[in-house]
Amino acid sequence: MNTNSSHSRGPRLLLGVTGGVAAFKAVLLLRALQEEGVEVRVAMTDSATKFVGEATFQALTGQPVYRDIWDLDRSEGGELHVDLSAWADAIVVYPATLDFLVRASSGRANDLLALSVSCFDGPVLLCPAMHHRMAAQAAYEDALRRLRESGVSVLPPVSGRLASGEIGEGRLPEPADALLAIKDLLRPPDLVGRTVLVTAGPTREHLDPVRFLSNPSTGKMGYAVARAAARRGARVLVVSGPTALSPPAGVECCAVTTAAEMHTEVEARFDQADVVVMAAAVADFRPVATADHKLKKGSGNELSSVRMEPTTDILASLGQRKGHRVLVGFAMETEKLLDGAQSKLERKNLDLIVANNLTTEGAGFGVNTNVVTLLARHGEPVELPRLSKDRVAHEIIDRIVPLLAERD
Ligand code: CTP
């Protein structure tokens with residue numbers, strides 16, 4: 001496994017296990033990590049020990065489990081959480097319960113695992129798992145938002161059969177998926193010194209102050225690219241259409257509404273960028289006129305027909321003067337995916353295009369996963385399986401890094 005740890009040793013990971021039915025999967029994850037050469041220590045909450053025995057983790061790691069704050073005989077400096085956070089290169093909590101997320105997000109460090117997370121300044125990945133009605137609580141969304149704002153990575157739960165037998169979104173991703181996310185967490189920072197400009201979300205084109213034309217983009221894919229680029233050391237500039245998401249930690253975010261505003265703000269940042277990733281779903285048309293006041297029924301202004309005009313194709317205009325920059329576009333298609341994407345790649349003078357078919361399950365607007373095919377100027381298209389948007393973001397960046405190196 002490629003990591004930023006020193007060459008003389010493998011990466012060190014503190015694996016936190018909290019009390020949910022899915023805790024048994026942590027045993028498999030531990031094994032997979034060890035097979036990749038990762039040195040793992042395990043910290044459990046008391047309730048996690050009701051689901052999986054400490055003895056299992058102790059046997060597999062050859063180390064007693066870390067659980068008790070007051071187990072001071074094990075501490076070198078007198079404080080176990082300080083020792084653990086100094087030892088680890090990364091912390092992963094798999095599974096993370098609602099209780100743990102809420103505590104970690106509000107600084108309630110009242111067990112050894114939460115203390116270690118709060119004391120740690122390296123990369124942290126939390127993997128929530130719970131009943132889907134718990135995941136629908138405001139407390140959950142709130143905790144995730146705060147954690148993400150503080151730079152913590154989250155591997156979102158997936159949809160599937162829950163412990164209760166019901167189907168819902170709350171299931172812990174499989175160990176193999178967590179392993180991929182952990183590899184992303186431990187990556188060397190290969191974008192240090194680069195500036196990455198990312199657009200995200202939809203645009204809105206107003207007919208009047210209360211009505212607009214838009215699309216269902218939520219910004220998740222663009223924000224995932226921004227997060228991944230920041231994690232890999234880039235300076236990240238985001239120009240975002242309206243979204244409910246908080247900007248990823250450490251990125252410079254500019255909020256816009258219309259395609260024209262997005263164009264202006266992207267142009268203003270273009271000179272600084274080494275890479276541009278246009279993940280925004282930009283409106284292709286806008287109303288010729290926008291009314292200053294709400295259009296009233298029966299006033300002769302009924303919207304039986306609206307005259308529209310094209311917006312500027314931002315990406316195509318950047319493509320005409322891209323210089324040394326790496327330009328990446330997205331192609332949203334509902335038919336003839338590769339033909340459509342290939343023609344956009346050429347027409348807009350791009351280096352890479354990320355094609356997705358909006359009709360594929362697990363792809364497109366709003367969901368946490370995507371199913372994409374990557375097309376570069378040379379080579380065969382690369383069809384990726386259904387992956388989390390964070391993973392897709394790293395796959396995109398994996399293709400950008402060598403393109404940047406070629407231009408140095
Ligand atoms: N794009 C852009 N400016 C626009 C429209 C699209 O920069 N006015 C960018 C998008 O951000 C995306 C790429 O162009 O990266 C392709 O967008 P898409 O909507 O798939 O295609 P279009 O170029 O709009 O073509 P069509 O609607 O015919 O599929």
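Residues numbered from 1 in each chain as written. Predicted model: local features only at pLDDT ≥ 70, side-chain atom pairs only at ≥ 80, totals over all residues. Heavy atoms only, no water.

S.K.: How do you make sense of the overall build of the chain when you look at a structure like this?
M.R.: A tally of regular secondary structure across the chain gives 13 helices and 21 strands. The C-alpha atoms of the chain give a radius of gyration of 23 Å, which matches the 22 Å a tight globule of 408 residues would have. Dimensions of the chain along its principal axes, counting C-alpha atoms only, are 80 × 55 × 35 Å. Within the chain, counting contacts between residues at least 6 apart in sequence, those at least 24 apart form 67% of the total. Taking the 45 positively charged and 50 negatively charged side chains of the chain as two groups, their mean positions are separated by 3 Å. (Helix = DSSP H or I, 4+ residues; strand = E, 2+ residues; numbered from the N terminus. Rg over C-alpha atoms; globule rule 2.2 N^0.38 Å. Contact = heavy atoms within 4.5 Å. Lys, Arg positive; Asp, Glu negative; His and termini not counted. Charge placed at Lys NZ, Arg CZ, Asp CG, Glu CD.)

S.K.: For this particular structure, what's the right way to read the packing of aromatic side chains?
M.R.: Geometry of an aromatic ring pair is reported as the spacing of the ring centres plus the angle between the planes. Enumeration over the complete set of coordinates arrives at 0 aromatic pairs. One cation-aromatic arrangement involves R74 over Y66; the distance from NZ or CZ to the ring centre is 3.7 Å. Its end group placed over the ring of F270, R325 keeps NZ or CZ at 4.0 Å from the ring centre. (Phe/Tyr/Trp six-rings, centres within 6.5 Å; stacked < 30°, edge-to-face > 60°. Lys NZ or Arg CZ within 6 Å of the ring centre and 35° of its normal.)

S.K.: Where do I start with the site of the ligand in this structure?
M.R.: Inspection of the region around the ligand gives 16 residues, with M278, A280, F330, K344 and K348 positioned closest. Within the contact set of the ligand, a nitrogen atom lies 3.4 Å away from a side-chain nitrogen or oxygen of T311. K348 places a side-chain nitrogen or oxygen 2.5 Å from an oxygen atom of the ligand. Protein burial of the ligand: of its 570 Å² of free accessible surface, 81% is covered by the chains. Contributions of two or more residues to the shell around the ligand are made by α11 (314-319) and β16 (326-333). Considering only residue class, the shell around the ligand consists of 9 nonpolar, 3 polar and 4 charged. (Near = heavy atom within 4 Å. Polar contact = N/O pair within 3.5 Å; in protein donor to acceptor, adjacent residues only side chain to side chain. Areas by Shrake-Rupley, 256 points an atom, 1.4 Å probe, with all protein chains shown as cover. Nonpolar A, V, L, I, M, F, W, Y, C, P; charged D, E, K, R; others polar.)

S.K.: Just to check I follow, could you spell out the sheet that holds strand β11 (residues 235-240) for this structure?
M.R.: Pairing between the strands of a sheet comes from backbone hydrogen bonds, and it takes one of two forms, parallel or antiparallel. Here 8 strands make up an open sheet; going across it, the order is β12-β11-β8-β13-β16-β17-β19-β20 and the pairing mixed. The two strands at the open ends of the sheet, each matched to only one other strand, are β12 (252-255) and β20 (382-383). Of the pairings in the sheet, the one linking β11 to β12 comprises 4 bridges and is parallel in character. Within the sheet, the bridge partner assigned to V238 lies in β12 and is C253. Against the sheet, helix α13 (residues 389-407) contacts β13 (275-278), β16, β17 (352-357), β19 (372-376) and β20, and its axis sits at roughly 145° relative to β16. (Pairing = 2+ DSSP bridges. Axes fitted to C-alpha atoms, helices over the stretch in contact; angles between N-to-C directions.)

S.K.: I'm lost on the state of the cysteines in this one. Help?
M.R.: Chemically, a disulfide is nothing more than a covalent bond linking the sulfur atoms of two cysteines. All told, the structure shown has 0 disulfides when counted by the stated rule. Of the cysteine sulfurs around C253, a residue in no disulfide, the closest is that of C254, at 7.2 Å. Assessed through its relative accessible area of 35%, C253 is described here as partly exposed. (Disulfide = S-S within 2.5 Å. Buried < 20%, exposed > 50% of the residue type's maximum accessible area, 1.4 Å probe, protein only.)

S.K.: It is not clear to me how the side chain of N356 should be interpreted in this structure. Could you clarify?
M.R.: Mapped onto the elements of the fold, N356 is located in strand β17. Those residues within four positions of N356 in sequence are excluded, and the remaining contacts are A331, M332, E333, L337, G364, N370, V371 and V372.

S.K.: What's the story with empty space enclosed by the protein in this structure? I'm lost.
M.R.: Regions of empty space are outlined by a rolling probe, equal in size to a water molecule, passed over the atoms. Taken as a whole and assessed by the stated rule, the structure comprises 1 cavity of 30 Å³ or more. Of the voids in this model, the largest cavity is the one considered here, and its volume is about 40 Å³. Lining the largest cavity, in full, are L191, V196, V225, A229, V275, V277, I397 and I400. Class assignment for the residues of the lining of the largest cavity results in 8 nonpolar, no polar and no charged. (1 Å grid on protein atoms, 1.4 Å probe; cavity = no way out; pocket = protein on both sides within 12 Å on 5 of 7 lines; lining within 4 Å. Points joined across faces, edges and corners; volume = space filled by probe spheres on them.)

S.K.: What is the right way to look at the environment of K25 in this model?
M.R.: Note that K25 resides in helix α1 (residues 25-35). What makes K25 buried here is its relative accessible area of 6%. Not counting residues up to four positions away in its chain, the partners in contact with K25 are Y94, R171, L172, P173, E174 and P175.

S.K.: Help me out: how do you make sense of the pairing of strand β2 (residues 39-44) in this one?
M.R.: Here β2 lies mainly inside the structure; 5 of its 6 residues are buried. Summarising the sheet, strand β1 (residues 12-17) and β2 pair through 6 bridges and their orientation is parallel. Bridged to L13 within β2 is V40. In the classification by handedness, the crossover that spans β1, the intervening α1 and the parallel β2 is right-handed. (Right-handed = clockwise from strand over helix to strand, strands pointing away.)

S.K.: What am I meant to see in the domain arrangement of the chain here?
M.R.: In terms of domain boundaries, the chain breaks down into domain 1 (12-185) and domain 2 (195-407). In this structure, domain 1 and domain 2 have C-alpha centres spaced 33 Å apart. With 13 residues of domain 1 at the contact, the number on the domain 2 side is 8 residues. In total, domain 1 and domain 2 occlude about 980 Å² of area from one another, counting both sides; carbon and sulfur atoms represent 48% of this. The interface formed by domain 1 and domain 2 contains 1 salt bridge. Between D184 and R391 there is a salt bridge whose closest N-O contact spans 2.8 Å. At the surface where domain 1 touches domain 2, the tally comes to 4 residue pairs in polar contact (both at pLDDT 80 or more). Elements supplying a minimum of two residues to the side of domain 1 that touches domain 2: α7 (138-149), β5 (153-154) and α8 (175-185). (Domains from an automatic or database assignment. Buried area = accessible area lost by both parts, 1.4 Å probe. Salt bridge = Lys/Arg side-chain N within 4 Å of Asp/Glu carboxyl O.)

S.K.: Would you take a moment to explain the sheet that holds strand β3 (residues 90-96) for this structure?
M.R.: Pairing within the open sheet is parallel, and its 5 strands lie in the order β2-β1-β3-β4-β5. Bordering the open sheet on either side are β2 and β5, each of which pairs with just one other strand. Sheet strands in contact with α8 are β1, β3, β4 (124-128) and β5, and its direction is about 155° off that of β3.

S.K.: I keep staring at the confidence of the model for the chain and nothing clicks. Help me out?
M.R.: In low-pLDDT segments, the atomic positions of the prediction should not be examined closely. Confidence in the prediction for the chain averages 93 pLDDT; 97% of positions are at 70 or higher. This model gives residues 2-7 a pLDDT under 50, and the stretch forms 12 contacts once residues within four places in sequence are excluded. (pLDDT = per-residue confidence, 0-100.)

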